[in-house]
Amino acid sequence: MLSPAGLKQRSDFIQSLRLFFRKRDYIEVDTPIRLPVFLPEAEIFPYASENWWLQTSPELSMKRLLARGVSRIFQVCHCFRREESGRLHASEFTLLEWYHVGWDYQDLMRECEELVRTLASVCRELPGIVNGDTLLYHGRKIFFSVPWQRMSVEEAFAAFTGTTPVQALKDECFDELLVTEIEPHLGWERPLFLYDYPVQLASLARKKSAAPHLAERFELYCCGIELANGFSELVDPEQQRKRFLHELAGMQRQGRKGEMPELFLRDLAQVSDAAGIALGVDRLLMLFLQADRLADVLPFAEE
């Protein structure tokens, strides 16, 4: 739980986020947090609200706005996920999400670098920031100077595990190996982009044309902590419907119900090629404040 001084630091940090996007001609949008349907993803568990659902991210609504013809939008909002709590998780958390029409995931990685570097420069008074370009966390220095590190998922499995992503998926241990064997090593010299995930793990991302078994998806890591998840958007409604059918089948095996988001699929046909990303505001602020738990950077902790 934050002190009055901490509340001021959090407020300034979020205003700096907004200013970054306003200077780049993004439109800030404000979409509903309570929805009649959610995007089916078997590994994400939403909260029910009467007969509707609290958003797990603003993705559904923001992509429908892209279908209206806007090209750059961002949002800072609260999201809700069941069965997420701990040092780095909270069932209610603050997410920054943004979309840029005409871009792919490589463009988005570059803008993500620029965002974090800009925040470090303007928030240089925060205890974790040194000289506006270096993060000090757990006694180690992480340099924000470019280029940031990039590592494919295949390279990460080769470096830190005794198996491949394909075999890990067959053995149903991909997520376990990623969390326990790979993530702790990532982003301790410079922030690191882990990219090109198996297409099975990117239900809303576009396939890589040169390697269709992979998806144009990345995650940003710093100090072994995942900060962001972004990708080139899948904008083909028929391919997306097939992906959702697979996710719905997985939910059914869990004993959960879901439904096809028909209005979303209808609007998806009107969306041009684009890239989008979600960044955990609380986690990034936690690093900038040298805090060890999300609860230390929230106005009210869940307990």
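Residues numbered from 1 in each chain as written. Predicted model: local features only at pLDDT ≥ 70, side-chain atom pairs only at ≥ 80, totals over all residues. Heavy atoms only, no water.

> Looking at this model, I keep getting lost on the overall build of the chain. Mind explaining?
Looking only at helices and strands, the chain has 9 helices and 15 strands in total. For the chain, whose C-alpha radius of gyration is 19 Å, the value lies close to the compact-globule estimate of 19 Å for 303 residues. Long-range pairs, those at least 24 residues apart, make up 68% of the contacts in the chain between residues at least 6 apart in sequence. The centroid of the 35 positive side-chain charges in the chain is displaced by 3 Å from the centroid of its 45 negative side-chain charges. (Helix = DSSP H or I, 4+ residues; strand = E, 2+ residues; numbered from the N terminus. Rg over C-alpha atoms; globule rule 2.2 N^0.38 Å. Contact = heavy atoms within 4.5 Å. Lys, Arg positive; Asp, Glu negative; His and termini not counted. Charge placed at Lys NZ, Arg CZ, Asp CG, Glu CD.)

> Is there a simple way to think about the sheet that holds strand β2 (residues 34–35) in this case?
Paired through their backbone hydrogen bonds, the strands of a sheet run either parallel or antiparallel. Reading across the sheet, the 3 strands line up as β2-β4-β3 and stay open at both edges, with antiparallel pairing between neighbours. Each edge of the open sheet is held by one strand with a lone partner, namely β2 and β3 (48–49). Here β2 pairs with strand β4 (residues 52–54) via 2 bridges, running antiparallel. What sits directly across from R34, in β4, is L54. (Pairing = 2+ DSSP bridges.)

> I would appreciate a short explanation of empty space enclosed by the protein in the present structure.
Which parts of space are left empty comes out when a probe the size of a water molecule is rolled across the atoms. Taken as a whole and judged by the stated rule, the model has 1 cavity of 30 Å³ or more. The calculated volume of the largest cavity comes to roughly 110 Å³. Taken together, L35, F38, L39, E41, I44, P46, L54, Q55, T56, S57, E59 and L60 form the lining of the largest cavity. Tallied by class, the residues present in the lining of the largest cavity amount to 7 nonpolar, 3 polar and 2 charged. (1 Å grid on protein atoms, 1.4 Å probe; cavity = no way out; pocket = protein on both sides within 12 Å on 5 of 7 lines; lining within 4 Å. Points joined across faces, edges and corners; volume = space filled by probe spheres on them. Nonpolar A, V, L, I, M, F, W, Y, C, P; charged D, E, K, R; others polar.)

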